[in-house]
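Given next are the chains, with one letter for each unit.
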Amino acid sequence: MVAAATTSLPESIGGELNWDYRFNWLRDASFTLKAFFALGHTSEADTFIRWLHDTYRKNGRRDLMTMYSIHGEEPLQETHLNHLDGYRHSRPVRTGNAARSQQQ
């Protein structure tokens with residue numbers, strides 16, 4: 001489960017709020033997980049829980065991060081790609097996400 005399939009789609013055309021959401025945000029994914037259980041999709045929910053356990057073990061951290069890549073890695077440090085124009089000239093184009101260091 002990822003928040004978006006692409007990066008840097010602006011909140012408003014020409015605006016600067018163009019974040020990279022190509023990550024699994026654990027708080028948001030927990031709502032999807034709850035919906036899976038409520039709808040009887042226990043196999044999908046179980047698969048996500050196994051992914052989360054594997055991710056936690058692989059990273060060897062005491063605390064979970066706010067978000068992870070779909071491969072279970074910590075997200076990249078946020079970078080601006082100033083050589084790219086962005087959707088309908090909305091800049092900056094970003095990769096990574098500075099929110100990775102937040103505690104939620």
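You'll find the structure just up there.
Now for a quick tour of the structure.

Procedures and definitions
Residues numbered from 1 in each chain as written. Predicted model: local features only at pLDDT ≥ 70, side-chain atom pairs only at ≥ 80, totals over all residues. Heavy atoms only, no water. Helix = DSSP H or I, 4+ residues; strand = E, 2+ residues; numbered from the N terminus. Buried < 20%, exposed > 50% of the residue type's maximum accessible area, 1.4 Å probe, protein only. Patch = residues over 30% accessible without salt bridge, like charges linked within 9 Å, V, L, I, M, F, W, Y side chains within 5 Å. Areas by Shrake-Rupley, 256 points an atom, 1.4 Å probe, with all protein chains shown as cover. Salt bridge = Lys/Arg side-chain N within 4 Å of Asp/Glu carboxyl O. Contact = heavy atoms within 4.5 Å. Phe/Tyr/Trp six-rings, centres within 6.5 Å; stacked < 30°, edge-to-face > 60°.

Examining the overall build of the protein chain
Check the secondary structure of the protein chain and you find two helices and four strands. Ordered by position from N to C terminus, the α and β elements of the protein chain give β-α-α-β-β-β. The C-alpha extent of the protein chain, read off along each of the three principal axes, is 45 × 30 × 20 Å. Classification of the 104 residues of the protein chain by burial places 30% in the buried group.

Description of a nonpolar patch on the surface
Together, L9, I13 and Y87 make up a nonpolar patch on the protein surface, roughly 310 Å² of accessible area in all. Assignment of secondary structure puts I13 in the segment before β1 (24-25).

Some remarks on the side chain of S69
The topology assignment puts S69 in the loop between β2 (67-68) and β3 (79-80). The class for S69 is buried, based on a relative accessible area of 12%. Setting aside residues up to four positions removed in sequence, S69 forms contacts with F23 and W51.

Side note on the packing of aromatic side chains
For any pair of aromatic rings, the description rests on two quantities: the centre-to-centre distance and the angle between the ring planes. Scanning all chains against the criterion turns up three aromatic pairs. Taken together, a centroid distance of 5.5 Å and an interplanar angle of 25° make the contact between F48 and W51 stacked. Remark: W51 and F48 occur in helix α2 (residues 42-59); sequence separation between them is three residues, near one turn of the helix. The class of F48 is buried, set by a relative accessible area of 9%. Between W51 and Y68, the aromatic rings sit 6.4 Å apart at their centres with planes inclined by 85°, giving edge-to-face as the arrangement. With a gap of 17 residues between them, W51 in helix α2 and Y68 in strand β2 connect regions that are remote in the sequence. In textbook terms, an aromatic cluster arises when at least three aromatic residues are bridged by ring pairs, as seen for F48, W51 and Y68.

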